[in-house]
Amino acid sequence: MVATDKGDSAAAVKSIRAAGGTPLTVSDKLGYVSASVPTGKVDGLTKAGSILAIDLDESIPLPKPQEVKTSSGRAAAATGPGASTPDDNPYMPTRDIGSIAFKTANPTWDGRGTTIGILDSGVDLDSPALQKTSTGERKIVDWVTATHPLTDGDGSWRAMLTSVTGPTFTYAGSTWTAPSSGTYRINRVAENISSASDAAGDFNRDGDTTDRWGVLYDETTHDIWVDANQDFTFSADEKMRPYKEKFDVGHFGTDNPDTAISESMPFVVEYREDVDLTPAGMPGQKADYVNIGVVESAHGTHVAGITAANGLFGGKMNGQAPGAKIVSSRACSWGGGCTAVALTDGMVDLVVNRGVDVVNMSIGGLPALNDGNNARARLYDRLINDEGVQLVISAGNSGPGINTVGDPSVATDVISVGSSITKETWSANYGSEVTSPLNLHNYSSRGPREDGGFKPNVVAPGSAISTIPTWQPGGPVPEAGYSLPPGYAMFNGTSMASPQTAGAVSLLLSAAKASNVAVTPRQLRDSIYTSAKFVSGVEALAQGAGQVNVPGAWSLLKGKSVAQDITVTAPVCTELSDFLAVPDQGTGVYNRCTAANGGQVFGESKTYVVQATRTSGASGRVAHNLRLVGNDGTFTLPATSRPMPLGGTVDIPVKARTSTPGAHSAILEIDDPATPVVDKRVLLTVVLSQDLAAPAYSQTQKGSVERNLTKKLYVSVPQGAKALQVNLSGVGAKDQVRWIAFNPYGVPVESTASTACFTNYSAPSCNSTSRAYANPLPGIWELEVEARRTSPSLVNPYTLTAAVQGVTVDPASQTLASVTKGQPAPVKWTVTNQFGQVTATPQGGPLGSSVNGRKTIANHEVQEFTVEVPAGATRLNASIGGTSDPGADLDLFVLRGGTVVAQQADGDSEEAVTIANPPAGTYTVRVDGYAVPSGSTQYNYLDVFFSPALGSLAVPATPFELAPGASKVVEGTLTANAEPAAGRQLFGEMRVVSGQGAVLGTGSVIVGAVTP
């Protein structure tokens, strides 16, 4: 994805072609180009004067919002939703943002006159609640596929390359009948393209995955025939046009009306002309493609139901905007991956070509540098401001760690939505009882952006029973105590909160159109943010302005209020702040540095100067009120008002002082009292961490956590630590409690799924009471403790202990110039404890064959290394790290036979994988320079396989105690039985492990030569 100046895309296209690339999508109006470019040429393109920013395409996993199915349930059956359920209900809690009262008072302001774009996995065309609007008009007015026919690997796009002539012809071993004589193009579509998706490879619901259907195409008229009944005849009634033209819908399979579930799947068609085949190795050639539009998963249909369903369960229960129409754009390919390019191409298409008024996208990813300054964020902001269409995007499900808001929700002018839930919905949708009237889901991603920016912006209900495809069985939460019919399920996530807000925008736009009030996206946002209800007891960095409030937003919006433009620069101190657009400066105050590196100090005041510049409004000096919202007492202002000259910059000093460990946040509002909306919000965030320092090098938090809530421990990990050991104890015999660790980049280092690693609940594959994080990044780590919704105790006691461990092994590496085959050679090390008291055990093992070195990789470059692993190998390790650019995000993959067999690809570059007992064969280690802010970076590379056939390193496996600073000599022997392959080194490793199994340090032995 390439961002250029508007009107300057031609120069970018020229640079792309000169680099051997192929432009795929070009929008000169927006300054956007998507292209396929040789990896080695991408870095050079960044230097082209016409190109402002480049983002590498990536596959973003579609969120999995379904709750886990368990065998338990409520003791007594509860009543679920149905045809008699009123619109005011906790199952589809549209009422929580005031929209039920709003629509009751204004029945015609229910979304009618507006169209909502749903950029997702596709919307089911057979769902009864998505057939008609509240006025009886067609609900889904367009259905398209946003993936690229060639570069996204989407098998629903068929290249129409084979020419045939009717009236009959032979193709793929069968005789076919065309609609008439003449020349056509033919291909087939296979249902097994969906094997990794919800359809499980079975489009026609007949229980197998082997069906194919012929697709015939007239390249002159663009008529399309699909042999849906598989009789090898393309009959007149099978002719189809793109959905928008005639609303043609076909079906794979035949439904049995006597069953509740549907035994067929709907599909639509579309075509793309003259697709450049250069990326497929066919330079200069083009082809038309036909798409068979089928939903990839239930996600998009569920989202659509929340925004605009009309008559859920055949009754009065609705989504937010039952009067609105929908345009469905499927940007996710099979297996749930949605590429960044497809999401951007699809967004551009929806806004520019499809006539939508608002777009919902409940998809995103979490990069380490989530500062909203990449190509995609710039393009989304342009779409909003230039095309006048507001984009609403889920904040992400990587919480509750701070700085976890996903991309592209971090784009400045996108409405970023977190996930809230009431006490009533906890009970109705989950059968879980809580005390908080309103709170957030623990998974809801928190702010700020890496540059301190104000994200998320608002929160909305993130749990709902809504529509899913009619060929899927009902999906309630078992503990809720009721069943649901096919075509309905309870999902949760910020994926569900975002469409609640998009539906609210539709209501507001519907009201504005009916009232002849012209509305800009900026006015929409200002009205929504100013009227939002700030939730007491929830930190500002988690909820933004607060819970969406539809009636309050309309009371401001109808007044046509215009806010003043104010730009802000504020200090930022994080592990990645040197890589912001302006190093260590952002759009909000954010200090996550340790006390020794400029962070908050216990009980001491620190002043942060916010520089604000007013760029619109009245001339002269205008007094602006200064307010702190959500302040827990940490922040103070020197004054409550400050005059601001037009075009001039004023300093607003903010003092922060606290003796309470944790993250502290507040919103600084800069507001001209003459305008009814708040003119500027600045998020203030500081973290007071506890040092893991001498003498104990540990911190313990003892307390309790309520069901569905969270507590946090912030610890400062020093440079040189080899392990961060975390232990959980004091948990009740049946209580379900866990912790999740977030590294200093704000990236979770383990799963945040609602099923993962709880005591007394999760699978034993995860150690729920003791885990060590190897080679932890130095800086502030966040450890959050939470109790699951199914925990039998409302209040769950716990004790969490975090300790840093590590020893130095001297020598770290030693070389034996020559050893005799089969003869033990003596080796020894001195092990010195660098941190707190520890029980250490030396470990030896088979020798390894290794390749290691210092490599250099460019931004977006992919490097590959081949490893031949012999039979009998016990372990294959690959690792990268130690980048010269600390902001770099390198990803690591190991492939065998072209299939990924191991990977680590999070938001940093410290990646390592281990494959136990690897089958013999050729392995490829792939290093992906996913994001390198400085353009290129050096990194450490190692691959090694261990095999008894190579020899062994033996040491006494006797545990010993090491006090802080104490040393112990470890002696052993190395016996080599074979020479390594050419270009590789014989390698032995002595590991020092703790009582919990954490690796505290290693000493390596390199063998120069093996003599007979």
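Named according to an unreviewed UniProt entry, the protein is S8 family serine peptidase originating from Knoellia koreensis. Per its UniProt entry, the protein bears the Sequence similarities (unreviewed entry) comment "Belongs to the peptidase S8 family."

J.: Help me get a handle on the confidence of the model for the protein, residues and values and all.
T.: Low pLDDT marks stretches whose predicted atomic positions should not be read closely. Averaged over every residue, the pLDDT of the protein is 93; the share at 70 or more is 98%. Taken as a whole, residues 69–76 scores under 50 in pLDDT and shows 17 contacts with residues more than four places along the chain or in a different chain.

J.: A description of the packing of helix α10 (residues 521–531) against helix α12 (residues 550–557) should follow, citing residues and the corresponding values.
T.: Contact geometry of α10 with α12 gives a least axis separation of 8 Å together with a crossing angle of 130°. One way to sum up the angle between α10 and α12 is to call them oblique. Crossing of α10 against α12: the hand is right-handed. In contact with Gln523, Leu524, Ser527, Ile528, Thr530 and Ser531 of α10, α12 contributes Gly552, Ala553, Leu556 and Leu557.

J.: Tell me about the state of the cysteines, residues and numbers included.
T.: Tallied over the full model, the rule gives three disulfides. Two residues share a disulfide in this structure: Cys332 and Cys338, whose sulfurs sit 2.0 Å from each other. A torsion of 90° about the S-S bond marks the disulfide between Cys332 and Cys338 as right-handed. Covalently, Cys573 is tied to Cys593 through a disulfide, its sulfur atoms 1.9 Å apart.

J.: Before we move on, could you go through the packing of aromatic side chains and cite the residues and values that matter?
T.: This structure, assessed with the given rule, holds 22 aromatic pairs. Ring centres of Phe203 and Trp213 lie 6.3 Å apart, and the angle between their planes is 25°; on these two criteria the pair is classed as stacked. Placement of Phe203 in the loop between β10 (174–190) and β11 (212–217) and of Trp213 in strand β11 is noted, with a sequence separation of 10 residues between them. Members of the aromatic cluster, connected to one another through ring pairs, are Phe203, Trp213, Phe252, Phe267 and Trp334. Positioned over the ring face of Trp739 is Arg771, at 3.8 Å from the centre of the ring. Stacked on the ring of Tyr761, the Lys or Arg Arg788 has its end atom at 4.1 Å from the ring centre.

J.: Quick one: what's the story with the pattern of salt bridges, residue by residue and with numbers?
T.: All chains considered together, the criterion is met by 27 salt bridges. Salt-bridge contacts for Asp223 lead to Arg241; the nearest nitrogen and oxygen are separated by 2.9 Å. With Asp223 in the loop between β11 and β12 (224–226) and Arg241 in the loop between β13 (239–240) and α4 (243–246), the pair connects residues that are 18 residues apart, well separated along the chain. We note that Asp223, like Arg241, is buried. Several salt bridges converge on common partners, so that one network encompasses Asp223, Lys239, Arg241 and Glu245.

Calculation notes
- Residues numbered from 1 in each chain as written.
- Predicted model: local features only at pLDDT ≥ 70, side-chain atom pairs only at ≥ 80, totals over all residues.
- Heavy atoms only, no water.
- UniProt positions renumbered as here; feature names shortened; annotations may be inferred.
- pLDDT = per-residue confidence, 0-100.
- Contact = heavy atoms within 4.5 Å.
- Axes fitted to C-alpha atoms, helices over the stretch in contact; angles between N-to-C directions.
- Helix = DSSP H or I, 4+ residues; strand = E, 2+ residues; numbered from the N terminus.
- Parallel < 35°, antiparallel > 145°, perpendicular 65-115°, else oblique.
- Left-handed = near helix turned anticlockwise from the far one by under 90°.
- Disulfide = S-S within 2.5 Å.
- Phe/Tyr/Trp six-rings, centres within 6.5 Å; stacked < 30°, edge-to-face > 60°.
- Lys NZ or Arg CZ within 6 Å of the ring centre and 35° of its normal.
- Salt bridge = Lys/Arg side-chain N within 4 Å of Asp/Glu carboxyl O.
- Buried < 20%, exposed > 50% of the residue type's maximum accessible area, 1.4 Å probe, protein only.

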